[in-house]
Amino acid sequence: MAWNEPGNKGQDPWGNKNGNDKGPPDLDEVFKNISKRFGGKGNGAGGGFSALGFIIVLGIAVVVWGLSGFYTVKEAEKGVALRFGKYIGEVEPGLQWKATFIDEVFPVNVSNVRSIPASGSMLTADENVVLVELDVQYIVVDPYRYLFSAVDANSSLREATDSALRYVVGHNRMDDILTTGRDQIRRDTWEEVERIIKPYNLGIEIRDVNFLPARPPEEVKDAFDDAIAAQEDEQRFIREAEAYSREIEPKARGTVQRMEQQANAYKEREILEARGKVARFEKLLPEYKAAPEVTRNRLYIDAMSKVLSGTNKVLVDSKAGNNMMYLPLDKLMEQRPQTKTSKHVEVDTVNDSVNSIVNSVGMPLDGRPSRSDRTRQGRN
């Protein structure tokens, strides 16, 4: 049953005893009741608080206001403090206090590395279209500028990155973007982004620019894959040729050096042999002048010894008779043991055999009869 229904003996919650007044509560009456509770007299229009009650209320309000000013700045953050909207400085990490409703602090993370991606289909210098993706990593170095130098620093950096990327891609050929020129494009984009954002003082520092692998449109992807494979084969062949060159060049240089040394040695040998022949001739010339016949015969015998030392058969033609003598020197030499000086032994054997034959026949190798033969024949 409602409080204002007939027969309800409950009291009006607004203070109306008869329960017939449906109007709003009397504010003056409410203030009087509050004043009485805090020790006031409750007289006069609106009443009033006592001094003690006002001090208590004020003290409670001050305590609540003071407690509401404590806040914490995290280790990885720095706070930007404003007083009535004016910048007053930075707040270090830790427990801090600010005047509520007067000061305002905005914490900004200055340790985390943030990232902004950029991608899209872009036109190259050789009028081809490529799909390019880029990722810019940065940190906040000036929290105040990061918050208030631009409406949205992240959005400004994103637009600057997209503009720089399109500028750099538009000034490079597609082959460079897809293959060998990626690192240069990354550095150029980095420099261009820094150049664009420098006048805006965004309070950020770019740490790295990651240029993700670019790719051609799907419609021509197979053809570009073949072109890239051909370029990779070209590089592989070049590296193999360079490796072969590095392998052959030292061998060729060694061969050239060896040939030069052999040529120099041959030159020295020939010079020394020529000098030896000249010296031998100079020593032989006086002997020849002293005894020409003997010297001539000796030279002839030495020459024939050298010539006949390479054969194992000797034929002696005797002009005195019609028969030819054959000496089986090959059989004789086969019976002798071979030693280190076998060649000299063979030469000596041949010389001894020739001398014995000459003595037995009585005729020198030049075909003239000996002195004893001429004596017997009466030619003396």
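Residue numbers run consecutively from 1 along every chain, following the written order of its sequence. The predicted nature of this model means local features are confined to residues of pLDDT at least 70 and side-chain atom pairs, given and counted, to a pLDDT of 80 or more, with totals for whole chains, interfaces and linings taken over all residues. Working from all heavy atoms in the structure, the side-chain values ignore hydrogens and water.

Visitor: Quick question: what am I supposed to make of the overall build of the protein chain here?
Guide: Check the secondary structure of the protein chain and you find 11 helices and 10 strands. Working definition: with a 1.4 Å probe on protein chains only, accessible area under 20% of the residue-type maximum means buried, over 50% means exposed, and in between means partly exposed. Counting the 380 residues in the protein chain, one finds 23% classified as buried. Only heavy atoms matter for contacts: two residues are in contact if any of them lie within 4.5 Å across the pair. Expressed as a percentage of contacts within the protein chain between residues at least 6 apart in sequence, the contacts between residues at least 24 apart total 58%. Methods summary: accessible areas were calculated by the Shrake-Rupley approach with a probe of 1.4 Å, and residue burial reflects only the protein chains presented. For the protein chain, the exposed surface amounts to about 27300 Å²; the carbon and sulfur share of it is 55%. Segments assigned H or I by DSSP are reported as helices when at least four residues long, segments assigned E as strands when at least two residues long, and all are numbered from the N terminus.

Visitor: Please explain the pairing of strand β1 (residues 70–73) as it appears in this structure.
Guide: The two faces of the sheet receive side chains in turn, since in a regular strand these alternate between them. Side chains Y71 and V73 project from β1 onto a buried face, and the interleaved F70 and T72 project onto a face without burial. By the bridge criterion, 4 bridges tie β1 to strand β4 (residues 94–97) in an arrangement that is antiparallel. Note on β4: the bridge partner recorded for V73 is G94. Being paired, for any two strands, means DSSP has found at least two bridges between them.

Visitor: How do you make sense of the sheet that holds strand β5 (residues 103–109) when you look at a structure like this?
Guide: In sheet architecture, strand pairing relies on hydrogen bonds along the backbone and comes in two forms, parallel and antiparallel. With respect to topology, 3 strands assemble into an open sheet ordered β3-β2-β5, the strand pairing being antiparallel. Across the chains shown, the open sheet's two edge strands, defined by having one partner strand only, are β3 (86–91) and β5. Strand-to-strand twist in this sheet, taken as the mean axis angle between neighbours without regard to direction, amounts to 25 degrees. Here strand β2 (residues 77–83) runs beside β5; their pairing, made up of 7 bridges, is antiparallel. Looking across to β5, one finds that L82 is bridged to E104. Note on method: axes are straight lines fitted to C-alpha atoms, helices fitted across the in-contact stretch only, with angles between N-to-C directions ranging 0 to 180 degrees.

Visitor: Looking at this model, I keep getting lost on unusual backbone geometry. Mind explaining?
Guide: Most peptide bonds take the trans form, and the phi angle of most residues other than glycine is negative. Phi is positive for F101, which is not a glycine, with a value near 70 degrees. Here F101 is to be found in the loop between β4 and β5. For F101, a relative accessible area of 76% translates into the label exposed. One non-glycine residue with positive phi stands out, namely E127, at about 60 degrees. Secondary-structure assignment places E127 in the loop between β6 (114–123) and β7 (129–140).

Visitor: For this particular structure, what's the right way to read the nonpolar core?
Guide: Among soluble globular proteins, nonpolar side chains are generally buried collectively. By nonpolar core we mean a set of buried residues, namely Ala, Val, Leu, Ile, Met, Phe, Trp, Tyr and Cys, connected to one another through side-chain atoms within 4.5 Å. In this structure, V132, I204 and F211 are the most contacted members of the largest nonpolar core, which totals 36 residues. Breaking this core down by element, the ones donating at least two residues are β2, β6, β7, α4 (153–170), α5 (174–178), α6 (182–197) and β8 (204–211). Of the residues forming this core, the biggest block, 7 residues, is contributed by α4. In this structure F211 touches V132, E133, L134, L165, I177, R182, I185 and R186, once residues within four positions along its chain are discounted. Within the second largest apolar cluster, 5 residues are counted, among which are Y71, V73, A81 and V91.

Visitor: Explain the sheet that holds β7 to me, please; I cannot follow it from the model alone.
Guide: In space, the 3 strands of this open sheet follow the order β6-β7-β8, with antiparallel pairing throughout. Where the open sheet ends on each side, the last strands, each with one partner, are β6 and β8. With direction set aside, neighbouring strand axes in the sheet form an average angle of 25 degrees. Pairing geometry for β6 and β7, over 10 bridges, is antiparallel. Paired with I116 across the bridge in β7 is V136. Docked against the sheet, α4 engages β6, β7 and β8, running at close to 35 degrees with respect to β6. Lying over the sheet, α6 contacts β7 and β8, oriented at roughly 155 degrees with respect to β8.

Visitor: Is there a simple way to explain the packing of aromatic side chains in this structure?
Guide: Two numbers describe a pair of aromatic rings. These are the distance of the centres and the angle of the planes. Only rings of Phe, Tyr and Trp enter the pairing, Trp through its six-membered ring, and a pair is recorded when the two centres are within 6.5 Å. The plane angle decides the type: under 30 degrees is stacked, over 60 is edge-to-face, the rest tilted. Within the structure shown, the criterion is met by 4 aromatic pairs. Ring geometry for F106 against F148: centres 6.0 Å apart, planes inclined by 80 degrees, an arrangement best described as edge-to-face. With F106 in strand β5 and F148 in helix α3 (residues 143–148), this pair connects stretches of sequence that are 42 residues apart. Using a relative accessible area of 41% as the deciding quantity, one classes F148 as partly exposed. For the ring pair Y144 and F148, a centre distance of 5.5 Å and an interplane angle of 45 degrees mean the geometry is tilted. Placement of both Y144 and F148 in helix α3 is noted, with a separation of 4 residues, approximately one turn of the helix. On the basis of relative accessibility, which here comes to 32%, the residue Y144 falls in the partly exposed class. Clustering of aromatic rings is evident, with ring pairs tying together Y87, F106, Y144 and F148.

Visitor: Looking at this model, I keep getting lost on the packing of helix α7 (residues 221–290) against helix α8 (residues 292–308). Mind explaining?
Guide: When two helices pack together, their arrangement is given by the angle between their axes and by how far apart the axes lie. At their nearest, the axes of α7 and α8 sit 5 Å apart, and the two run at 125 degrees to each other. Classified by the angle their axes make, α7 and α8 are oblique. Every residue of α8 that contacts α7 at L284, E287, Y288, K289 and A290 is listed here: P292, T295, R296 and L299. Under this grouping Gly is polar, as are all residues other than the nonpolar Ala, Val, Leu, Ile, Met, Phe, Trp, Tyr, Cys and Pro and the charged Asp, Glu, Lys and Arg. Looking at the contact of α7 with α8 residue by residue, the class counts come to 5 nonpolar, 1 polar and 3 charged. Note on terminology: angles under 35 degrees are roughly parallel, angles over 145 are roughly antiparallel, angles of 65 to 115 are roughly perpendicular, and the others are oblique.

Visitor: What should I look at first to understand a negative patch on the surface in this one?
Guide: The grouping of E218, E219, D222 and D226 at the surface amounts to a negative patch. Examined against the element boundaries, E219 turns out to sit in the loop between β8 and α7. Exposure above 30% relative accessible area and no salt bridge define the residues that can form patches, which grow by joining like charges within 9 Å and nonpolar side chains of Val, Leu, Ile, Met, Phe, Trp and Tyr within 5 Å. Between Lys or Arg on one side and Asp or Glu on the other, a salt bridge is scored when a side-chain nitrogen of the former is within 4 Å of a carboxyl oxygen of the latter. Working convention for charge: Lys and Arg count positive, Asp and Glu count negative, and His plus the chain ends are omitted. Charge placement uses NZ in Lys and CZ in Arg. For Asp and Glu, CG and CD serve respectively.

Visitor: What is the right way to read the packing of α4 against α6 from this model?
Guide: Between α4 and α6, the shortest axis-to-axis distance is 8 Å and the interhelical angle comes to 135 degrees. Comparing their axes, α6 and α4 come out oblique. In this structure, the crossing between α4 and α6 has a hand that is right-handed. Residue-level contacts link L157, A160, T161, S163, A164, L165, Y167 and V168 of α4 to I185, D188, T189, E192, V193, I196 and I197 of α6. Looking at the contact of α4 with α6 residue by residue, the class counts come to 10 nonpolar, 3 polar and 2 charged. Rotating anticlockwise by less than a right angle from the far helix to the near helix defines a left-handed crossing, while the corresponding clockwise rotation defines a right-handed one.

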